Amino acid sequence: MTQRSAAPRPVRADGAPSVGPAGHRTPSFQEMWRELLPVGRHPDSGGYRRYAWTGADAECRAWFKEQAEARGLAYEVDRNGNQWAWLGDPTAGDAVVTGSHLDSVPDGGAFDGPLGVVSSFAALDELRGRGTRFDKPLAIVNFGDEEGARFGLACVGSRLTAGQLTVEQAHRLTDADGVTLPRAMEAAGYDPDAIGADPERLARIGAFVELHVEQGRALDLSGDRVGIASAIWPHGRWRFDFRGEANHAGTTRLVDRRDPMLSYAETVLAARREAALAGAVATFGKISVEPNGVNAIPSLVRGWLDSRAADQGTLDTVVGGIEKAAREYADAHGIDLDVVRESFTPVVEFDHALRDELGRLLGKDTGLTVPVLGTGAGHDAGILSGSIPTAMLFVRNPTGVSHSPAESAAEDDCLAGVHALADVLEGLART
Ligand code: GLV
Ligand code: MN
Ligand code: MN
């Protein structure tokens, strides 16, 4: 199918406003960024709390729909709640898709996710300004619940679509207040009975390219604004339930206690030790305690381990070592321990041909080689890589900080990311 963009538009080499198909001015990168900035931002922490199917999420979704409509793109929500904005015929096949996510971790930064979505709309505006002819359909996507902050499982929207999460598993997901995913979707006006694998949709996509803020400092150290992803470390989440006996904090002798907090604390230290030994990472970043009273010995300490390593064997060794240590500590304190793997994503090696094509497209005018980087962070592009060719672009992050309100990227670097994405989309959509 041949899709010709509307007549060449006056545009932006610098993120300046563009003009949509109906002759309306479309918001610039900076305007889109400013509009999204207050949504879901906590006034005290300055961090974002954009959790799946909440009010903040709904505001982000409304913003996405507005951007699609402002550009005359065909807007749709798929069976799993992912949002799509299409230029050209979605059923034509071999589509070039870009996008990312708009949800956040608890007190996340502004860039992780939204940079990819805002850059996608800005890149499309740039291409229209260049008068680019598209020989393939192009789409921008906002994948739902990428961070898994509310229901504990990351990339729910893309996992469902790719058939990596069954409907039964998804229906069992429950948030900290006991609200299940189906009830949360219903409350947000979506049909939880419609969810499930969507191979027909994936079969229509020729390539997916996700732009993302770098979550490390490799580009800062190499002095590059933009990089290309090579691989994602294998990673997973494990729940450790330490069960002891609730009792009075003032009257129970130390020797009589079965305090699960002790085994938990020792396990946190073991995680650090095992990860350091293996050159991997391991983090207990979330904990829940029952009954959670200052003057009560806990009956239950539930801690979630996130661990990642360069290869599967190393990750198995690290998590195996942590679990072994946890069992020894639990035995020593009379604690019952259950360890449950809640999610796992194997190593992702991004499609080599697509990666090389991105390198060629980005280097063709300058002759420069764009750095290729691995990452320990998970992404929807990683989930989809099992089904379709996927690639990622990273934009420099001067501090490397991410999943924190301090996450940052310079405006010039963001705009360089938009240009790079436009070059890539142009090259992929014209062949
Ligand atoms: C998502 O950002 C993850 O890596 O956990
Ligand atoms: Mn993230
Ligand atoms: Mn992300």
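Below you will find a few notes about this structure.

With that settled, consider the coordination of the manganese ion (ligand 3). All of the protein donors around the manganese ion (ligand 3) are His101 (NE2), Asp112 (OD) and His212 (NE2); their distances to the metal are 2.0 to 2.2 Å. Of note, the manganese ion (ligand 3) draws all its donor residues from one chain, in the sequence arrangement H-x10-D-x99-H. Here the manganese ion (ligand 3) and the manganese ion (ligand 2) are spaced 3.6 Å apart, linked through Asp112, which binds each one. Placement of Asp112 in the loop between strand S6 (95-101) and helix H3 (114-130) and of His212 in strand S9 (residues 205-213) is noted, with a sequence separation of 100 residues between them. A residue is classified by how much of its surface remains accessible, and His212, at 1% relative accessible area, is buried.

Protein coordination at the manganese ion (ligand 2) comes from Asp112 (OD), Glu147 (OE), Glu147 (OE) and His403 (NE2), with a distance range of 2.0 to 2.8 Å. We note that the donor set of the manganese ion (ligand 2) lies within a single chain, spaced as D-x34-E-x255-H. Residue class for Asp112 comes out buried when judged on its relative accessible area of 5%.

Tallied over the full model, the rule gives 13 aromatic pairs. Judged by centre distance (6.4 Å) and plane angle (50 degrees), the rings of Phe64 and Tyr75 are tilted. One end of the pair, Phe64, is in helix H2 (residues 55-70); the other, Tyr75, is in strand S4 (residues 74-77), with eleven residues separating them in the sequence. On the accessibility criterion, Phe64 (0% relative accessible area) is buried. Residue Tyr75 is classed as partly exposed on the basis of its relative accessible area, which comes to 24%. Plain terms: the ring middles of Phe242 and Tyr264 are 6.0 Å apart, the flat faces sit at 75 degrees to each other, and that makes the pair edge-to-face. Remark: Tyr264 occurs in helix H9 (residues 260-278) and Phe242 occurs in strand S11 (residues 235-243); sequence separation between them is 22 residues. Accessibility classification places Phe242 together with Tyr264 in one group, the buried group. Taking NZ or CZ as reference, Arg201 lies 4.9 Å from the ring centre of Trp84, over its face.

The subject of this paragraph is the pattern of salt bridges. Enumeration over the complete set of coordinates arrives at 27 salt bridges. Connected through salt bridges with shared partners, the residues Glu126, Arg130, Asp423, Glu426 and Arg430 form a single ionic network.

Bringing the sheet that holds S11 into the picture now. Spatially, S13-S15-S11-S16 is the arrangement adopted by the four strands of the open sheet, whose pairing is antiparallel. Bordering the open sheet on either side are strand S13 (281-290) and strand S16 (336-345), each of which pairs with just one other strand. Here the strands of the sheet are splayed against their neighbours by 15 degrees on average, with no regard to which way each runs. Alignment of S11 against strand S15 (residues 300-308), held across nine bridges, turns out to be antiparallel. Bridge pairing links Gly236 to Ser307 in S15. This element, H9, spans S11, S13 and S15 of the sheet and lies at about 170 degrees to S13.

It is worth spelling out helix H11 (residues 352-363) at this point. When the terminal C-alpha atoms of H11 are compared, their 16 Å separation across twelve residues agrees well with the 16 Å that a helix rising 1.5 Å per residue should span. For H11, the set of buried residues is Leu354, Arg355, Leu358, Leu361, Leu362 and Gly363. In this structure Asp351 caps H11, since a side-chain oxygen of it lies 3.3 Å from the backbone nitrogen of Ala353.

Two elements in contact, H11 and helix H13 (residues 411-430), have axes separated by 9 Å at closest approach and are oriented at 115 degrees. At the point where H11 passes H13, the crossing takes the right-handed sense. Across from Leu354, Glu357, Leu358, Leu361 and Leu362 in H11, the residues of H13 making contact are Ala420, Asp423, Val424, Gly427 and Leu428.

Taken together, Glu147, Arg308, Ala377, Gly378 and His403 are the residues near ligand 1. In the environment of ligand 1, an oxygen atom lies 2.7 Å from a nitrogen or oxygen atom belonging to the backbone of Gly378. Between ligand 1 and His403, the relevant distance is 3.1 Å, taken from an oxygen atom to a side-chain nitrogen or oxygen of the residue. In isolation ligand 1 has 200 Å² of accessible area, and contact with the protein removes 94% of it. Grouping the constituent residues of the shell around ligand 1 by class yields one nonpolar, two polar and two charged.

Let us now look at the nonpolar core. Counting residues in hydrophobic clusters, the biggest one holds 54 residues, and the most contacted among them are Phe29, Trp63, Leu115, Phe121, Leu358, Leu393 and Leu428. The element that contributes the greatest number of residues to this core is H13, accounting for eleven residues. Dropping the residues within four chain positions of it, Leu115 is found in contact with Phe29, Trp33, Leu211, His212, Val213, Val395 and Cys414.

Reading the values: rules and limits
Residues numbered from 1 in each chain as written. Chains lettered and ligands numbered in written order. Predicted model: local features only at pLDDT ≥ 70, side-chain atom pairs only at ≥ 80, totals over all residues. Heavy atoms only, no water. Donors = N, O, S within 2.8 Å, 3.2 Å for Na, K, Ca; no water. Helix = DSSP H or I, 4+ residues; strand = E, 2+ residues; numbered from the N terminus. Buried < 20%, exposed > 50% of the residue type's maximum accessible area, 1.4 Å probe, protein only. Phe/Tyr/Trp six-rings, centres within 6.5 Å; stacked < 30°, edge-to-face > 60°. Lys NZ or Arg CZ within 6 Å of the ring centre and 35° of its normal. Salt bridge = Lys/Arg side-chain N within 4 Å of Asp/Glu carboxyl O. Pairing = 2+ DSSP bridges. Axes fitted to C-alpha atoms, helices over the stretch in contact; angles between N-to-C directions. Contact = heavy atoms within 4.5 Å. Expected span 1.5 Å × (residues − 1). Polar contact = N/O pair within 3.5 Å; in protein donor to acceptor, adjacent residues only side chain to side chain. Left-handed = near helix turned anticlockwise from the far one by under 90°. Near = heavy atom within 4 Å. Areas by Shrake-Rupley, 256 points an atom, 1.4 Å probe, with all protein chains shown as cover. Nonpolar A, V, L, I, M, F, W, Y, C, P; charged D, E, K, R; others polar. Core = buried A, V, L, I, M, F, W, Y, C linked by side-chain atoms within 4.5 Å.

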